Amino acid sequence: MKPMLNRAPVLDIIDERALDRECLSQSLVSHGLNMTIVLFNSIDAWMAKYSGHSSGLLISLGSHDFTESGIEESIRLLVAKFPELPVIILSDNHDLRQVLTALDLGVKGFIPSAVGIAVCVKAISLALSGGIFISTESLPELRRLMSVADQQERKRAEVFTSREEEVISMLKLGKANKIIAYELALRESTVKVHIRNIMKKLKVHNRTEVIFKLNELFN
């Protein structure tokens with residue numbers, strides 16, 4: 001009996017551009033990605049032929065935005081249908097909002113095309129081994145957003161007390177005064193006082209205006 005040979009793991013690549021997907025495939029292999037690569041021109045084509053033997057799926061978007069009509073929903077359905085299959089996005093766009101949207105859907109890596117092929121190989125290997133890859137290209141924007149959030153938090157702390165913040169969080173959920181009082185272990189009359197103080201500080205006259213004003217000032 002002949003000994004069984006270990007098959008190399010399989011990476012499927014989807015890219016609508018024939019030349020790009022072929023060049024990407026050859027570059028990955030030449031830079032040490034020890035995998036069998038199978039190429040497809042669309043998610044639909046991949047779906048029609050998927051056999052369940054792939055170790056991962058790399059979707060190259062090119063200049064398309066991840067949040068572009070149809071793309072986000074297609075990947076959402078794909079991840080939901082094959083939750084055990086690591087999905088990696090390669091994109092010209094590394095806007096942080098797109099990166100976070102992809103990760104929220106369950107994508108295991110978002111690789112900007114600006115990185116070198118060696119980094120791409122490492123990112124794929126990380127995603128296939130159970131990790132999650134995010135490029136340093138996105139870190140400056142992440143730091144900026146964290147700084148803005150920190151400034152907004154300090155600004156709100158200067159305006160509202162911690163108890164008022166708790167009441168505000170309940171108001172945003174549309175909860176009635178009785179529910180707020182129960183969940184915060186307060187008297188309903190005390191809740192009404194907090195709401196009046198919140199409205200006074202924001203210079204508004206009702207609960208709906210509270211939410212709009214908060215969004216205007218702090219978002």
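Preceding block: the structure.
This is a predicted model, so every value here is computed, not measured. (Residues numbered from 1 in each chain as written. Predicted model: local features only at pLDDT ≥ 70, side-chain atom pairs only at ≥ 80, totals over all residues. Heavy atoms only, no water.)

For a regular strand, side-chain orientation follows a simple rule: the groups alternate between the two sheet faces. Strand direction decides the pairing type here: strand β1 (residues 10-14) and strand β2 (residues 36-40), joined by five bridges, are parallel. Its bridge partner being in β2, Leu 11 is matched across the sheet by Ile 37. Taking the sense of rotation as the criterion, the β-α-β connection linking β1, helix α1 (residues 18-30) and β2 turns out right-handed. (Pairing = 2+ DSSP bridges. Helix = DSSP H or I, 4+ residues; strand = E, 2+ residues; numbered from the N terminus. Right-handed = clockwise from strand over helix to strand, strands pointing away.)

Residue placement: Arg 21 occurs in helix α1. Although Arg 21 is buried, it makes no salt bridge; Glu 22 carries the closest opposite charge, 5.4 Å away. One polar contact links the side chain of Arg 21 to the main-chain carbonyl oxygen of Asp 15, over a distance of 2.7 Å. With residues up to four places along the chain from it excluded, the contact list for Arg 21 reads Asp 15, Glu 16, Leu 39, Phe 40 and Asn 41. (Buried < 20%, exposed > 50% of the residue type's maximum accessible area, 1.4 Å probe, protein only. Lys, Arg positive; Asp, Glu negative; His and termini not counted. Salt bridge = Lys/Arg side-chain N within 4 Å of Asp/Glu carboxyl O. Polar contact = N/O pair within 3.5 Å; in protein donor to acceptor, adjacent residues only side chain to side chain. Contact = heavy atoms within 4.5 Å.)

Its location among the elements puts His 31 in the loop between α1 and β2. Residues His 31 and Val 119, 88 residues apart in the sequence, show an inter-C-alpha distance of 9.8 Å. Other than its neighbours up to four places away in sequence, His 31 contacts Ile 117, Ala 118 and Val 121. Separated by 3.2 Å, the side chains of His 31 and Ser 30 make a polar contact.

Bringing the packing of helix α9 (residues 188-202) against helix α10 (residues 207-218) into the picture now. Where α9 contacts α10, the axes come no closer than 10 Å and their chain directions differ by 50°. If you check the angle between α9 and α10, you find them oblique. For the pair α9 and α10, the crossing hand works out as left-handed. Where α9 approaches α10, its residues Ile 195, Ile 198, Met 199 and Leu 202 are matched on the opposing element by Arg 207, Val 210, Lys 213, Leu 214 and Leu 217. In terms of residue class, the contact of α9 with α10 is built from seven nonpolar, no polar and two charged. (Axes fitted to C-alpha atoms, helices over the stretch in contact; angles between N-to-C directions. Parallel < 35°, antiparallel > 145°, perpendicular 65-115°, else oblique. Left-handed = near helix turned anticlockwise from the far one by under 90°. Nonpolar A, V, L, I, M, F, W, Y, C, P; charged D, E, K, R; others polar.)

Within the secondary structure layout, Ser 60 lies in strand β3 (residues 56-62). Exposure remark for Ser 60: the relative accessible area of 9% places this residue in the buried category. A distance of 3.2 Å separates a polar atom in the side chain of Ser 60 from a polar atom in the side chain of Arg 17. When sequence neighbours within four positions are dropped, the list of residues in contact with Ser 60 reads Ile 14, Asp 15, Arg 17 and Leu 90.

The next subject is the pattern of salt bridges. Within the structure shown, the criterion is met by seven salt bridges. Salt-bridge contacts for Arg 17 lead to Asp 20; the nearest nitrogen and oxygen are separated by 3.7 Å. Judged by its relative accessible area of 29%, Arg 17 is partly exposed. The exposure class assigned to Asp 20 is partly exposed, which follows from its relative accessible area of 35%. The closest approach of N and O atoms between Glu 73 and Arg 76, which form a salt bridge, is 3.3 Å. With a gap of three residues between them, Glu 73 and Arg 76 both fall in helix α3 (residues 71-81), about one helical turn apart. Residue class for Glu 73 comes out partly exposed when judged on its relative accessible area of 39%.

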